[in-house]
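Close look at the chain arrangement
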Amino acid sequence: TTFSSSVLFVSRYTDCGNGVVEHTSIVHNMADPGDGSSVPLNYLNMPWTGIRTSNLNDILLSRTDGSSSAVSKPIQPFSSSGFYPDLVDTGGYTTFAQSLIDESRELFNLPCSDGNLGETECPEVNKESVQLELTIRNADTCIESASHTKSQGKSIVKCSIRPTVEIKTGCADCNFIIENASTGDNFQVSGVLHWSWGGAWFYFSPNDGVSAEDI
């Protein structure tokens, strides 16, 4: 049976720079209202696209006033009832990104030295003298620790940090964000092997999809 559709799909991709790609999608009903026929568009399954959540693990939903919603973690399946608003109730766009800072997150409390290369709870007073200070010297000092990556079975990156108390222990399930206060650039840590080896090196596992070159 010959079928002629009045629906026109338009897709446009724009490289916005800095790793940002904009995908604009338009659905247009070209039916002639003057010929007396009615061609309602009541089911749309285009554009059909997938999001690699191991890399783009944050989502911002737009509002009608042009602002964005708070970061939603984790991304819900698009079949989830009540999570995603109708298009008419949004600003017309959705942003998928990597390791966005959730303003509602609490500050991560860095450990204090127990004086024997381990860590302990920080004291109520004078904790500045024993608490870890985690300040990366610069991005160029971050490299993959190949031997640890092999032994741990996951990516391990080491970064040179400013001199601080030595804590050789780590935190396998720590999940926090390190941000550059000057530029706003940030990356997510999913585990720590050594907080401060020699008081000078921070060994950690970055979030999936992040390499030493990305830091």
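Residues numbered from 1 in each chain as written. Predicted model: local features only at pLDDT ≥ 70, side-chain atom pairs only at ≥ 80, totals over all residues. Heavy atoms only, no water.

Moving on, we get to the sheet that holds strand β10 (residues 186-197). What the five strands build is an open sheet, ordered β7-β8-β11-β10-β9; its pairing is antiparallel. The two strands at the open ends of the sheet, each matched to only one other strand, are β7 (143-144) and β9 (176-179). (Pairing = 2+ DSSP bridges. Helix = DSSP H or I, 4+ residues; strand = E, 2+ residues; numbered from the N terminus.)

Grouped together as the largest cluster of nonpolar side chains are 21 residues, with contacts concentrated most on F176, I178, W195, F202 and F204. Looking at this core, the elements with two or more residues in it are β8 (157-160), β9, β10 and β11 (201-206). (Core = buried A, V, L, I, M, F, W, Y, C linked by side-chain atoms within 4.5 Å. Buried < 20%, exposed > 50% of the residue type's maximum accessible area, 1.4 Å probe, protein only.)

With that settled, consider the pairing of strand β3 (residues 58-61). Of the two faces of β3, the one carrying D58 and L60 and the one carrying I59 and L61 are both buried. Strand direction decides the pairing type here: β3 and strand β4 (residues 94-97), joined by four bridges, are antiparallel. Along β4, the bridge assignment pairs L60 with T95.

So, about unusual backbone geometry. Positive phi outside glycine occurs at N18, with the angle close to 60°. Counting through the fold element by element, N18 comes out in the loop between β1 (7-17) and β2 (20-29). Residue class for N18 comes out exposed when judged on its relative accessible area of 85%. Even without a glycine there, the phi angle at L117 is positive, about 70°. By the element assignment, L117 lies in the loop between β5 (112-113) and β6 (119-120).

Structurally, T90 can be placed in the loop between β3 and β4. At 3.0 Å, the side chain of T90 and the backbone nitrogen of G92 are in polar contact. For T90, the residues in contact, after removing those within four places along its chain, are S62, R63, T64 and P85. (Polar contact = N/O pair within 3.5 Å; in protein donor to acceptor, adjacent residues only side chain to side chain. Contact = heavy atoms within 4.5 Å.)

Moving on, we come to the pairing of β8. Sheet topology places β7 next to β8; two bridges connect them, and they run antiparallel. Note on β8: the bridge partner recorded for I143 is K158. Bridge count between β8 and β11: four bridges; the pairing is antiparallel. Within β11, the residue paired with S160 across the bridge is W201.

Moving on: the state of the cysteines. Summed over all chains, the structure comprises three disulfides. A sulfur-sulfur separation of 2.0 Å characterises the disulfide bridge that pairs C112 with C122. The disulfide joining C112 to C122 has a torsion of about 100° about its S-S bond and is therefore right-handed. Taken together, the residues span a long stretch of sequence, with C112 in strand β5 and C122 in the loop between β6 and β7 at a distance of 10 residues. Disulfide partner of C171: C174, at an S-S distance of 1.9 Å. In this structure the cystine formed by C171 and C174 twists about its S-S bond by roughly 100°; its chirality is therefore right-handed. Owing to a relative accessible area of 23%, C171 belongs among the partly exposed residues under this scheme. Indicated for the protein chain is the disulfide connectivity 1-2, 3-4, 5-6, based on numbering the bonded cysteines in sequence order. (Disulfide = S-S within 2.5 Å.)

Counting across every chain of the model gives six aromatic pairs. For the ring pair F176 and W195, a centre distance of 6.0 Å and an interplane angle of 20° mean the geometry is stacked. Separated by 19 residues along the polypeptide, F176 in strand β9 and W195 in strand β10 bring together distant segments of the chain. With a relative accessible area of 5%, F176 lands in the buried category. Seen from their ring centres, F202 and F204 are 4.8 Å apart, and the 20° between their planes marks the pair as stacked. Residue class for F204 comes out buried when judged on its relative accessible area of 0%. Linked through ring pairs, F108, F176, F187, W195, F202 and F204 together constitute an aromatic cluster. A cation over an aromatic ring shows up here: K158 above the ring of W201, its NZ or CZ 4.8 Å from the ring centre. When the ring centre of W197 is taken as origin, the NZ or CZ atom of K168, which lies over that ring, is 4.3 Å away. (Phe/Tyr/Trp six-rings, centres within 6.5 Å; stacked < 30°, edge-to-face > 60°. Lys NZ or Arg CZ within 6 Å of the ring centre and 35° of its normal.)

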